[in-house]
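Here is what each chain is made of, one letter per residue.
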Amino acid sequence: MKLINILIVGLLQQTTTTALQLPSSTEITRRTAVSNLIASSTAAVASSSLIYPQSAMADELTVSSNAITLNSQNKKAFPLASFGLQIYNDDTAYKLTLTALEVGYRNFFASVLAGNQKGFARAIKDSGIPRDELYICGTVLSNRVNGEEAAYKKTAQGCLENMQAFSAGNIDKLDMIMLDYPGPNDESVRGQWKAFEEMKTNNLVDDLAVSNFSPAQLDAILVNPSATKPTVNQLPFSVAFHPRDILEYNAKRGVHVQSWSPLSRVLGRYGTDLASIGKNYGKSAAQVGLRWIVQSGASFCTQSKSKSHFEEDLKVFDFELTSEEMKRIAQLAA
């Protein structure tokens, strides 16, 4: 179940109060970010305080088996298991989306970074599954520009490009739009958010979300009491990487954490331990790793090119790890 998603685990600094900043002078994707950061990720993880994350669901989040209600109180539930499209062509995206739909996925993360939103959208149209049964998230990449007005314009352009791409499948409204990365400073973040709020006001999206945001960057938005609160912060979070307070600082602000790297560096390092626990439930190492994320209070965005792996990743809502097992798993990366 190898992830194609290019990893930037180690992006978080040694304290969660440090901003998660990426270079703004060059094109940033998860592929290029890894070149800059993977060399120092091992040291960063080793020096971080890795603890057993307490259940950190915010007051606004109500767990309902395999889905939650986000802080927006959107009537459409947010499924805890999401299929995230990776970097491949539109035809591949089309086929994999249909496979994911067939096995039961209803939450989809179609990032602009993958470059295949049109193929995804066509699959949604051809599947025949009612749109109101699906939760669809697009993304905008606008972290390269500096200043509120420039960030606003770049983000607004990205919102428009999302709608143009998704129109290939007659998708005229999204359930969520997410910032792939924060801008270089508070003013830029607020410009990004202004464009998102306009998209919501124009009834083109219901929920607004962020990715790779630190507490300070969340607060750049929340300092305005009338601002729309981010619903989700997509972060690297897994058995292998769970820094102190990563769930807590988001929950304190009413924000749900979704892992964009749920199995990165997990199976190769801790697969034997996870498989041993899984024997108690008839589950695989991967399923135990994903279940640990869910029981910690987060959700996950995973991917595969195998139908059997698609099915495997969904079958994590019919068992529960004990508190001792949760602690044992968390301590693996200590």
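Our structure is the block above this text.
Residues numbered from 1 in each chain as written. Predicted model: local features only at pLDDT ≥ 70, side-chain atom pairs only at ≥ 80, totals over all residues. Heavy atoms only, no water.

Peer 1: Tell me what's going on with the overall build of the protein, and back it up with residues and numbers.
Peer 2: Looking only at helices and strands, one finds 11 helices and 11 strands in the protein. For the protein, the proportion of its 334 residues judged to be buried stands at 56%. Counting only contacts in the protein whose residues sit at least 6 apart along the sequence, the fraction spanning at least 24 positions is 77%. Surface accessibility of the protein: about 13300 Å² in total, with carbon and sulfur atoms responsible for 48%. (Helix = DSSP H or I, 4+ residues; strand = E, 2+ residues; numbered from the N terminus. Buried < 20%, exposed > 50% of the residue type's maximum accessible area, 1.4 Å probe, protein only. Contact = heavy atoms within 4.5 Å. Areas by Shrake-Rupley, 256 points an atom, 1.4 Å probe, with all protein chains shown as cover.)

Peer 1: Account for the nonpolar core, naming residues and giving values.
Peer 2: In this structure, Phe-83, Tyr-105, Phe-120, Leu-174, Met-176 and Trp-292 are the most contacted members of the largest nonpolar core, which totals 81 residues. With 7 residues, the single largest contributor to this core is helix α9 (residues 285–296). Look past the residues within four positions of Leu-174 in its chain and what remains in contact with it is Arg-131, Ile-136, Gly-138, Met-163, Phe-166, Met-199, Leu-204, Val-205 and Asp-206. (Core = buried A, V, L, I, M, F, W, Y, C linked by side-chain atoms within 4.5 Å.)

Peer 1: Describe in detail the pattern of salt bridges, supporting the description with residues and values.
Peer 2: Tallied over the entire structure, the rule returns 7 salt bridges. When the shortest N-O distance is used, the salt bridge between Asp-206 and Lys-173 registers 3.0 Å. Of this pair, Asp-206 sits in strand β8 (residues 205–211) while Lys-173 sits in the loop between α4 (148–166) and β7 (174–179), and the two are 33 residues apart along the sequence. The class of Asp-206 is partly exposed, set by a relative accessible area of 24%. (Salt bridge = Lys/Arg side-chain N within 4 Å of Asp/Glu carboxyl O.)

Peer 1: I'd like a rundown of the packing of aromatic side chains, residues and numbers included.
Peer 2: Aromatic ring pairs are defined here through the distance separating the ring centres and the angle between the ring planes. What the rule picks out here adds up to 10 aromatic pairs. A cation sits over an aromatic face here: Lys-194 above Tyr-152, 4.7 Å from the ring centre. Positioned above the aromatic ring of Phe-319 is the side chain of Arg-291, whose terminal nitrogen or guanidinium carbon lies 5.9 Å from the ring centre. (Phe/Tyr/Trp six-rings, centres within 6.5 Å; stacked < 30°, edge-to-face > 60°. Lys NZ or Arg CZ within 6 Å of the ring centre and 35° of its normal.)

Peer 1: Please set out the pairing of β8 residue by residue, giving values where relevant.
Peer 2: Most of β8 is tucked away, with 6 of its 7 residues classed as buried. Where β7 meets β8, 5 bridges bridge the pair, whose relative direction is parallel. Opposite Leu-179, over in β8, you have Val-210 as the bridge partner. Bridge count between β8 and strand β9 (residues 232–235): 2 bridges; the pairing is parallel. If you follow Val-210 over to β9, its bridge partner there is Asn-233. This β-α-β element, β8 to helix α6 (residues 215–222) to β9, shows right-handed connectivity. (Pairing = 2+ DSSP bridges. Right-handed = clockwise from strand over helix to strand, strands pointing away.)

Peer 1: How would you explain the packing of α4 against helix α5 (residues 186–201) if you had to name every residue and give the values?
Peer 2: Between two packed helices, the angle of one axis relative to the other and the distance separating the axes together describe the packing. As a packed pair, α4 and α5 sit with axes 7 Å apart at the nearest point and diverge in direction by 35°. For the pair α4 and α5, the sense of crossing is right-handed. Contacts between α4 and α5 pair Glu-148, Ala-151, Tyr-152, Thr-155, Ala-156, Cys-159 and Met-163 from the former with Glu-187, Ser-188, Arg-190, Gly-191, Gln-192, Lys-194, Ala-195, Phe-196, Glu-198 and Met-199 from the latter. Tallied by class, the residues present in the contact of α4 with α5 amount to 8 nonpolar, 4 polar and 5 charged. (Axes fitted to C-alpha atoms, helices over the stretch in contact; angles between N-to-C directions. Left-handed = near helix turned anticlockwise from the far one by under 90°. Nonpolar A, V, L, I, M, F, W, Y, C, P; charged D, E, K, R; others polar.)

The values reported here are purely geometric and, on their own, carry no functional implication.
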